[in-house]
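Chain and residue survey
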Amino acid sequence: MALLELDGVTRRYGALVALDQVAMAVEEGEVRAVIGPNGAGKTTLFNVITGTVKPTAGSIRFAGQPIAGLPSHQICRLGLSRTFQITSLFPEMSARENARLSAQARHGRRWQPFGGAHIFEEASARADAALKQLGLSGIADTPAGLLSHGDQRLLEVAMALAQQPRVLLLDEPTQGLSVEETQQAVETLAGFLKTSGMTVLLVEHDMEVVFRLAHRITVLHRGAVIADGAPDAVQADKAVQEAYLGGFE
Ligand SMILES: Nc1ncnc2c1ncn2[C@@H]1O[C@H](COP(=O)(O)OP(=O)(O)OP(=O)(O)O)[C@@H](O)[C@H]1O
């Protein structure tokens with residue numbers, strides 16, 4: 001059974017079909033990239049899976065459990081965590097505090113008179129472990145706003161990871177980075193993915209990043225899946241090349 005399974009997932013905005021009968025199955029341990037030209041429906045797909053947008057139709061199963069239409073905090077608690085295209089850090093707080101707050105957001109309970117310190121310590125431990133996995137232990141005490149752009153993007157991944165997800169959704173993790181920063185961040189991500197075996201859904205425009213990280217690629221065009229397969233097969237696919245007008249650069 002696939003860890004994440006979509007079937008017939010459709011999202012309409014009036015007459016516009018942003019997602020059109022999307023079917024995909026992501027296996028445990030797989031790094032799956034979702035690509036497609038601007039407006040293809042990638043962000044809508046992320047939003048529908050993570051519960052910020054409700055699908056108009058279709059089913060989404062996570063570890064066998066139907067999750068379509070559940071509120072986002074519930075989906076997060078089940079074990080799906082995401083990063084955002086737009087930076088969501090608190091710039092004046094340290095990297096560790098950012099990661100800790102994120103850890104608490106998933107596992108946090110209401111105020112408990114006797115459990116507070118314990119919860120704090122648990123979240124701190126998860127934060128430190130996540131920072132280490134992304135090579136950020138050395139800057140744990142640095143205010144997030146003072147980090148390099150590359151480290152800020154990695155910190156966002158660490159924040160999602162601190163929630164101990166079973167599936168990590170990465171929304172353009174190298175957006176806004178220079179070529180050198182991208183290369184560095186991608187090597188760190190590749191190392192993390194290899195050692196962790198984390199299941200990942202990745203939206204990314206940069207094809208070099210996609211081909212470096214993804215085991216399998218799903219291509220969306222006007223809301224529909226036009227190709228789904230190994231990177232080589234997708235790159236050679238005529239329909240994909242036409243959708244991108246000129247192919248991959
Ligand atoms: N809230 C909304 N209301 C109306 N239309 C929307 C809404 N959100 C998305 N759309 C439309 O749905 C389509 C898919 O948008 P989406 O942002 O998912 O594409 P994308 O592949 O992520 O694009 P990009 O690569 O530019 O980020 C677009 O035509 C977009 O205009």
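See above for the structure.
A short tour of the structure in this document, coming up. (Residues numbered from 1 in each chain as written. Predicted model: local features only at pLDDT ≥ 70, side-chain atom pairs only at ≥ 80, totals over all residues.)

Side note on the overall build of the protein
Applicable threshold: Secondary structure follows DSSP: runs of H or I at least 4 residues long count as helices, runs of E at least 2 residues long count as strands, and numbering of each begins at the N terminus. The atom set for the radius of gyration is the C-alpha atoms, and the globule formula is 2.2 Å times the number of residues raised to the power 0.38. We call a residue exposed when 12 or fewer other C-beta atoms sit within 10 Å of its C-beta, buried when the count reaches 20 or more, and partly exposed for counts in between; the C-beta positions come from the backbone. By the convention adopted here, residues are in contact when the distance between their C-beta atoms, placed from the backbone, does not exceed 7 Å.
Helix and strand counts for the protein stand at nine helices and ten strands. In terms of overall dimensions, the protein is globule-like: its C-alpha atoms have a radius of gyration of 18 Å, near the 18 Å expected for 249 residues. For the C-alpha atoms alone, the extent of the protein along its principal axes is close to 55 × 40 × 35 Å. Going through the 249 residues of the protein one by one, you find that 41% of them count as buried. A separation threshold of at least 6 residues defines the contact pool for the protein, and within that pool the share at least 24 residues apart is 67%.

Observations regarding the nonpolar core
As a reminder, the rule being used: A set of buried Ala, Val, Leu, Ile, Met, Phe, Trp, Tyr and Cys residues, joined to one another through C-beta atoms within 7 Å, is what we call a nonpolar core. Domain start and end points were adopted from an automatic or database domain assignment.
In terms of nonpolar packing, the biggest core is built from 66 residues, with A99, L155, A158, L202 and L213 touching the most fellow members. Among the elements that line this core, the one with the most residues is helix α5 (residues 149–161), at seven residues. Residue contributions to this core reach at least three from each of two domains, namely domain 1 (1–79 + 168–249) and domain 2 (90–164). Apart from residues lying up to four places away in sequence, L202 is in contact with V31, R32, A33, V34, L170, L213 and A214.

Quick word on the site of the ligand
What counts is decided by this rule: Working rule for contacts: place C-beta from the backbone, and if it is within 6 Å of a molecule or strand, that residue counts as near it. Throughout this entry, Asp, Glu, Lys and Arg are counted as charged residues, while Ala, Val, Leu, Ile, Met, Phe, Trp, Tyr, Cys and Pro are counted as nonpolar. The remaining residues, Gly among them, count as polar.
Y13, L16, A18, G36, N38, G39, A40, G41, K42, T43 and T44 make up every residue found near the ligand. No other element matches helix α1 (residues 42–50), which puts three residues into the shell around the ligand. Split into classes, the residues belonging to the shell around the ligand amount to four nonpolar, six polar and one charged.

Description of the sheet that holds strand β4 (residues 57–62)
Heads up, the rule is: Here, strands pair whenever DSSP counts at least two bridges between them. Lines fitted to the C-alpha atoms define the axes, with helices restricted to the stretch that makes contact. Angles between their N-to-C directions range from 0 to 180 degrees.
A sheet is described by the order of its strands in space; here four strands give the open sequence β2-β1-β4-β5, paired in antiparallel fashion. Edge positions in the sheet fall to β2 (16–26) and β5 (65–66), since each of these pairs with one other strand and no more. Pairing between strand β1 (residues 4–13) and β4: five bridges, direction antiparallel. For D7, the partnering residue across the bridge sits in β4 and is S59. Running at roughly 65 degrees to β2, α1 makes contact with β1, β2 and β4 of the sheet.

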